[in-house]
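Descriptive analysis of the structure
Listed below are the residues making up each chain.
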Amino acid sequence: MEVRTPPAAEKKKESFFQFITRLAVIGAAICVGGYFALKGEDMHALALKGLRLVGMVWLIFGLAPVLLQQAWRDRAKWWAAIRRWMKQQKGQRAMSDTLTPVIAHSEPVSDRSASVVSDQSVPGQFGILLAPYSLLPSNPRPHASSKLRADNAGEIISDALQLAGLPVEGDIQVLNLESGPTLQTVSFQLPPRLQLSKISSKKEDIANHLFGHSLGFDITSATNFRSAAAFVLPHDERAYVYMRDVVQDLINMKGKMALPVIFGKDVRGKPMIQDLAKMPHLLLAGATGSGKSVYINTVLTSLLSTQSPIELRLLLIDPKQVELAVYRGYPHLLSPPVTEPKQAIAALSKIVVEMERRYELLAKTFTRNIVQYNKKMPNEALPYIVVVIDEYADLMVVAGAAVEESVQRIAQKARAAGIHLILGTQRPSVDVVTGVIKANLPSRVAFRLESTHDYRTVLDGAAPQLLGFGDGICRIQGGSPQRFQSASISVEDMESTNFIEDLKAYWINSNQVSALGQEEWDMSEEVAGAAAQDISTELMESEIHDDVPPWEETQEEHLEEEVIAAEPYLAPDDEEDEEEEEADEGEPYEKALKLGRKQGGISVAMLQRSLRIGYVAAAQLLQRMVDEGRVGAHDPERNMRLWITSKEEQTLDDKAMMLNRMKRYICRTRTVKSTELRDLLGVRREKVLQYMQELTDEGFLDPPKAARLGYTIAWSEEEIQQFLAQMDAEDGDDI
Ligand SMILES: Nc1ncnc2c1ncn2[C@@H]1O[C@H](COP(=O)(O)OP(=O)(O)OP(=O)(O)O)[C@@H](O)[C@H]1O
């Protein structure tokens, strides 16, 4: 038998401590003995003194060096803990004022969860955030149960192999037994003369003898062992994985990963946290009831609990209309959850425009991606944008080409711009998830699917049959497939919803965050001012500049705006409009100028509404106005870019107004008297005569027929009535 010899240094260290301890014990024994054996108070006092001395010597020369040595070895750990503590103290001091209401809000609800996880501080780009993790529901079933245990697995497997007709004598030697929340993996030595292929060919029979069905049962070679096989079996009663169980790992990853999200636990029961920013886009497939929505909720809650609205903005597209409705009101949202295909098309095209704008920013700042940009321009840091489409197949059915084009462009380019896609679908058929889209979504997650063909489409390879209820396989960036059990906030829908609402309340009540949010958009405005042109995001930003925060905006308002925005994409058959535009090139810009002048300013939304054009076209018109210096900075109060009136325009405007007033007066009174007109307009007589000449040139007045006669009205009575009616309809000044 091999005896392990301790290294020399270890031996010396141990023996010195033992030596001192031995001396101390002997000394202590002598002192105690002396105390009882000797008589007289002096002797007793001497013995006690001796005992104290022995104790001191042991502490100083025995225990203290060992403790110091240990502390020196763990110095890195200690140092990190001290730094973390100091950082926390600093962050808490900074936020204590503003967070008090949040915590006060949270406390009454907190008694519905145990205090296993305390409110955790998450260092972020903008300081330390305190998400209400203590409100996460506790897992009622954290452990699985199975009939195969270390002590009986060999016997049970041996019986099953024998019953399946395989030549096995005696018990099977179990090499390893690993247990995850859903599955067990039992590795065992192959008996002599029994090949893995032979066992695999009897898979159905073995499964039948083991537990009566083959669902979820798999036979593979055992990793790390030679001539060994492994059975993968579902537990009799699987364990749940709750977010609460792995949230500490999520917190630990904040700072190390840009967008950490909880996946769940792997087959060994180890927490799985992935970085969405690295994926960089995710295709998520699962048949109905497989656990897709639960998974999306976990991913979203991971993001929403670790990222402030300054660091992350979300676009949620939910054609099913119910799955993501609960997120309505989060300040992270770029718009309320989008449910209509037309809205979705418009929203996605906005993301494309934003992506292009970000590329321009990267080029201007000589940076290659959002990380470098945010480092270089910390005051103008861009938030990550995550776009979630809950049922891509449904969207493709109604709005195929338009959606696909945007999704394709985002998938191809958006990574560097900090824009990430999560594309969920029940039907991963090739007509829905086309080759180009698949090629640009290198990370995949599959839950239970209808057919082996579907698994192949998603994972680009064969996969074991999944069990549903969050049993999944992921391939991150084309790596090897990894089985996992997805985490849920809770298996009770109500509990999950409660937490999502609590987290929302936390953000809404977090004064600090809303103040920072405002600042962020102001900073964006600065970027716009410098570059003169971030109108591409103006619509998104306008939600923040609105008096009404985005979460209070009604869905109807938003819908109206989006539907209009989507029209050019969805109504190519609206031939009249198209023809009008084609026939009159350049006219929309004239109309846009007129509108801006009349309203004293302009915004993308106004252009869309008034000219009935899409977002991109409206943004381009506004861009041209900005370039030509027609409009100035964005005015948060009026939620538009204000009109810049040049001197020339001012004069022209004044003159047009004067002429109109004159015409109106003349039409009403049916008289043309220069003295009255002079009084009306408050200008000199020469000016009035000049205006009258202009009106004559225009055909409104007839010139005097003789030297002593005055001007007369040239218009017919019908024309006069029409003009007056038109003026009354407009809100001109009343003469
Ligand atoms: N990770 C999980 N842990 C435990 N149970 C789960 C998990 N995921 C899903 N389930 C169970 O499966 C049910 C269906 O899940 P979910 O609603 O996510 O399915 P889905 O794939 O979104 O279906 P659909 O597409 O029809 O909405 C849930 O109500 C829950 O009971």
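Residues numbered from 1 in each chain as written. Predicted model: local features only at pLDDT ≥ 70, side-chain atom pairs only at ≥ 80, totals over all residues. Heavy atoms only, no water.

The name given to the chain in an unreviewed UniProt entry is FtsK domain-containing protein, with Paenibacillus glycanilyticus as the source organism.

**A word on the overall build of the chain**
In plain terms, the rule: Numbering goes from the N terminus for both helices and strands, where a helix is a DSSP run of H or I of at least four residues and a strand is a run of E of at least two. A 1.4 Å probe rolled over the protein chains alone gives each residue an accessible area, and that area as a share of the maximum for its type sets the label: buried under 20%, exposed over 50%, partly exposed in between. Whether two residues are in contact is decided by their heavy atoms, any of which lying within 4.5 Å being enough. Residue-level accessible areas treat just the shown protein chains as cover; the underlying method is Shrake-Rupley with a 1.4 Å probe.
Looking only at helices and strands, one finds 25 helices and 20 strands in the chain. Going through the 735 residues of the chain one by one, you find that 47% of them count as buried. Sequence separation of at least 24 residues holds for 64% of the intrachain contacts in the chain that already meet a minimum separation of 6. Carbon together with sulfur atoms contributes 54% to the accessible area of the chain, which is approximately 37,100 Å² in total.

**Section: the UniProt feature "transmembrane region" (unreviewed entry) in the chain**
Counted only if it meets this: UniProt positions are given in the numbering used here, feature names are shortened, and annotations may be inferred rather than shown by experiment.
Following the UniProt record, one finds the feature "transmembrane region" (unreviewed entry) at residues 16–38 and 50–68. The span residues 16–38 is 96% helical and 0% strand by assignment, and the distance between its end C-alpha atoms comes to 32 Å. Structurally, residues 50–68 is divided into 100% helix and 0% strand, and its ends, taken at the C-alpha atoms, are 26 Å apart.

**Side note on the UniProt feature "binding site: ATP" (unreviewed entry) in the chain**
Residues given the UniProt feature "binding site: ATP" (unreviewed entry) here are Gly286, Ala287, Thr288, Gly289, Ser290, Gly291, Lys292 and Ser293. Relative to the helices and strands, Lys292 is located in helix H8 (residues 292–306). Not counting chain neighbours up to four residues away, the residues in contact with Lys292 comprise Leu284, Ala285, Gly286, Ala287, Lys320, Glu391, Thr425, Gln426 and Phe447. Relative to the assigned elements, Ser293 resides in helix H8. The contacts of Ser293, once residues within four sequence positions are left out, are Lys320 and Glu323.

**Digging into the site of the ligand**
Rules: The criterion for a residue being near a molecule or strand is simple. One of its heavy atoms has to lie within 4 Å of it. N or O atoms closer than or at 3.5 Å make up a polar contact, with two conditions inside protein: a donor-capable atom paired with an acceptor-capable one, and, for residues adjacent in sequence, both atoms drawn from side chains. Under the convention adopted here, Pro, Cys and the residues Ala, Val, Leu, Ile, Met, Phe, Trp and Tyr are nonpolar, Asp, Glu, Lys and Arg are charged, and Gly plus all remaining residues are polar.
Lining the immediate environment of the ligand, one finds 16 residues, of which Thr288, Gly289, Ser293, Val294 and Ser486 sit closest. In the model, an oxygen atom of the ligand is placed 3.2 Å from a nitrogen or oxygen of the Lys320 side chain. Between an oxygen atom of the ligand and a side-chain N or O atom of Gln426, the distance comes to 2.9 Å. Here the ligand has 630 Å² of accessible area as a free molecule, and 79% of this is covered by the chains. Elements with a contribution of two residues or more to the shell around the ligand: H8 and strand S15 (482–486). If one sorts the elements of the shell around the ligand by residue count, H8 sits on top with three residues. Here the shell around the ligand is composed, by residue class, of four nonpolar, nine polar and three charged.

**Re unusual backbone geometry**
With an omega of -15 degrees, the peptide bond running from Met279 to Pro280 counts as cis. Summarising the element assignment, Pro280 is placed in the loop between strand S8 (271–275) and strand S9 (282–285). Not every positive phi belongs to a glycine, and Asp460 is a case in point at roughly 55 degrees. When you line up the elements, Asp460 lands in the loop between helix H13 (452–459) and strand S14 (471–475).

**Side note on the nonpolar core**
The condition that has to hold: Definition used in this section: a nonpolar core is a set of buried Ala, Val, Leu, Ile, Met, Phe, Trp, Tyr and Cys residues joined via side-chain atoms within 4.5 Å.
In terms of nonpolar packing, the biggest core is built from 57 residues, with Phe263, Tyr295, Tyr327, Val386 and Val445 touching the most fellow members. Element by element, the count of residues in this core is highest for H8, at six residues. Excluding its chain neighbours within four sequence positions, the residues that come into contact with Val445 are Phe263, Leu282, Leu283, Leu284, Ala285, Tyr295, Val458, Ile473, Cys474 and Phe484. Grouped together as the second largest cluster of nonpolar side chains are 33 residues, Leu315, Ile351, Leu395 and Val403 included.

**Concerning the sheet that holds strand S5 (residues 218–221)**
The test is simple: Here, a strand pair is defined by DSSP locating no fewer than two bridges between the strands. Note on geometry: axes are C-alpha line fits, over the in-contact stretch for helices, and angles between N-to-C directions span 0 to 180 degrees.
Taken in spatial order, the four strands make up an open sheet running S3-S4-S6-S5, and their pairing is antiparallel. Edge positions in the sheet fall to strand S3 (174–179) and S5, since each has one partner strand and no second. When strand polarity is set aside, the average angle formed by the axes of neighbouring strands in this sheet is 20 degrees. As judged from the five bridges shared by S3 and strand S4 (residues 183–189), these two strands associate in the antiparallel manner. Each bridged residue has a counterpart across the sheet, and for Ser179 the counterpart in S4 is Gln184. Sheet strands in contact with helix H6 (residues 203–211) are S5 and strand S6 (228–234), and its direction is about 55 degrees off that of S6.

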